[in-house]
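# Structural overview for review
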Amino acid sequence: MNQEYGREDEGDFEPEATRRDAGDAESSRASRGWWDRNADEYQSDHGAFLGDDRFVWGPEGLDEADAELLGPAGGLKGLDVLEIGAGAAQCSRWLAAQGARPVALDLSHRQLQHALRIGADVPLVEADAGALPFRDGSFDLACSAYGAVPFVADPVKVFREVRRVLRPGGRWVFSVTHPFRWAFPDEPGPEGLSVSASYFDRTPYVEQDERGRAVYVEHHRTVGDRVRDVVAGGFRLLDLVEPEWPEWNSQEWGGWSPLRGNLIPGTAIYVCERSERA
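Keep in mind that this is a model prediction, so the values were computed, not measured.

Rules used throughout
- Sequence order as written defines residue numbering, which begins from 1 separately in each chain.
- The predicted nature of this model means local features are confined to residues of pLDDT at least 70 and side-chain atom pairs, given and counted, to a pLDDT of 80 or more, with totals for whole chains, interfaces and linings taken over all residues.
- By convention in this description, side-chain values take in all heavy atoms of the structure and omit both hydrogens and water.
- Put simply, two rings from Phe, Tyr or Trp (the six-membered ring, in Trp's case) pair if the centres are within 6.5 Å, and we call them stacked under 30 degrees between planes, edge-to-face over 60, tilted for the rest.
- The pairing criterion is simple: DSSP has to find at least two bridges between the two strands.
- Each helix is a run of DSSP H or I of at least 4 residues and each strand a run of E of at least 2, with the numbering of both proceeding from the N terminus.
- Each axis is a line fitted through C-alpha atoms, and for a helix only the stretch in contact is used; angles between axes span 0 to 180 degrees, taken between their N-to-C directions.
- Any pair of residues with heavy atoms lying within 4.5 Å of one another is described as a contacting pair.
- Buried Ala, Val, Leu, Ile, Met, Phe, Trp, Tyr and Cys residues that are joined via side-chain atoms within 4.5 Å together make up what is termed a nonpolar core.
- Relative accessibility under 20% of the residue-type maximum defines a buried residue, over 50% an exposed one, and the middle range a partly exposed one, all with a 1.4 Å probe and only protein chains included.
- The scheme is simple: roughly parallel for angles under 35 degrees, roughly antiparallel for over 145, roughly perpendicular for 65 to 115, oblique for anything else.
- Crossing handedness follows the turn of the near helix against the far one: under a right angle anticlockwise gives a left-handed crossing, and clockwise gives a right-handed one.
- By the convention adopted, Pro, Cys, Tyr, Trp, Phe, Met, Ile, Leu, Val and Ala count as nonpolar, Lys, Arg, Asp and Glu as charged, and the other residues, Gly among them, as polar.

### Describing the packing of aromatic side chains
Evaluated as defined, the whole model comprises 17 aromatic pairs. Of the aromatic side chains, those joined through ring pairs into one cluster are Trp34, Trp35, Tyr42, Phe49, Phe151, Tyr205, Tyr216 and Trp253.

### A short note on the sheet that holds strand β9 (residues 235–241)
If you trace the 7 strands from one edge of the open sheet to the other, you get β4-β3-β2-β5-β6-β10-β9, paired in mixed fashion. The sheet is open, and its two edges are formed by β4 (124–126) and β9, each paired on a single side. On average, each strand axis in the sheet is inclined to that of its neighbour by 20 degrees, with strand direction left out of account. Relative to strand β10 (residues 267–274), strand β6 (residues 166–177) is paired through 7 bridges, and the arrangement is antiparallel. Within β10, the residue paired with Phe174 across the bridge is Tyr270. Contacts between helix α3 (residues 90–97) and the sheet are confined to β2 (80–84), β3 (101–106) and β5 (139–145), with β3 contributing the most and set at about 175 degrees to the helix.

### Side note on the nonpolar core
Generally speaking, a soluble globular protein has its nonpolar side chains buried in company with each other. Counting residues in hydrophobic clusters, the biggest one holds 27 residues, and the most contacted among them are Leu82, Ile84, Phe134, Val162, Trp172 and Phe174. Secondary structure elements with two or more residues in this core: β2, β3, β5, α5 (155–165), β6 and β10. Discounting chain neighbours no more than four positions away, the residues touching Phe134 are Leu82, Val103, Leu105, Val125, Phe139, Arg164 and Val165. Formed by 18 residues, the second largest nonpolar core is a distinct cluster that contains Trp57, Trp94, Ala100 and Val271.

### Looking at the sheet that holds strand β8 (residues 214–218)
Pairing within the open sheet is antiparallel, and its 3 strands lie in the order β1-β7-β8. One side of each edge strand has no neighbouring strand; the edge strands of this open sheet are β1 (16–19) and β8. Each adjacent strand pair in this sheet contributes to an overall mean axis angle of 20 degrees, direction not counted. Examined bridge by bridge, β1 and strand β7 (residues 205–208) share 4 bridges and lie antiparallel to one another. Looking across to β7, one finds that Thr18 is bridged to Val206.

### As for the packing of α5 against helix α6 (residues 223–232)
Interaxial distance between α5 and α6 falls to 8 Å at its minimum, and their mutual angle equals 40 degrees. When the axes of α5 and α6 are compared, the pair comes out oblique. Once α5 is placed against α6, the crossing between them reads as right-handed. Listed contacts from α6 to Pro155, Val156, Phe159 and Arg160 of α5 are Arg226, Asp229, Val230 and Ala232. Tallied by class, the residues present in the contact of α5 with α6 amount to 5 nonpolar, no polar and 3 charged.

### Examining the environment of Leu263
Tracing the backbone through its elements, the reader meets Leu263 in the loop between α7 (258–261) and β10. Taking relative accessible area as the criterion, Leu263 reaches 57% and is therefore assigned exposed. Remark: the alpha-carbon pair of Leu263 and Glu244, spanning 19 residues in sequence, is separated by 9.1 Å.

### Examining the pairing of β2
With respect to burial, β2 is a largely interior element, 5 of its 5 residues being buried. Side chains of β2 alternate between two faces, with Asp80, Leu82 and Ile84 and Val81 and Glu83 buried alike. Looking at chain direction, β2 and β3 are connected through 5 bridges and run parallel. Residue Asp80 lies in a different strand from β3, and its bridge partner there is Arg101. Examined bridge by bridge, β2 and β5 share 3 bridges and lie parallel to one another. Across the sheet, residue Val81 finds its bridge partner in β5, namely Leu141.

Encoded structure:
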């Protein structure tokens, strides 16, 4: 199924694709290893589209400078912002350029090395999203563009951690592959337009090695699941944004393409606000 944003080949190694349960520890270990192995190719292939200091919410190319899902760009100055699943910290650089004080967090050491290669005066933190190494109430905003959330077994645990480190009224905005895509093959052409699986099957997609160890894990949640997870994590849902495919974007990126993008949604962006009720 490989619904992941920027899914790359594994080189000569061909893992076995299956559907099975995968818990927190296995999912985290698989994600760290996969991104460490694939960060170089990912940044080489997609770095130009992402830019060095651009905040892009997904393959459609929706830019935070236009969308203002975190709030007006002019209002970001002086705010403490946590980016989760930051990769090479492109979004954090954009935030810093607006006068914010971002911290870029990622599970992958190699991704953060690319952040250093590009260069920026942004703090980089290597850590798991389910155990954020920050004090309560450290940030005004938190964001994640296709980072962490699709790959964790317990998203509510992550959301509660995000809530903990946010100040009262803090906003949490994250983008993921649109849950609707789970029912379709991950293909950019016409073959990707026919339903091939149940949208309601939450069994994780797993790629595993010859010993049965997961090397890539992605978890599916329906739209309703995500909304309930947001509430259970201590947030109010303010908006659910489904970006349309723009005319200017002619790229194919994994299963994302102009053909599919003009017919079915590819990205879901959840705009949340910290609730005062835990």
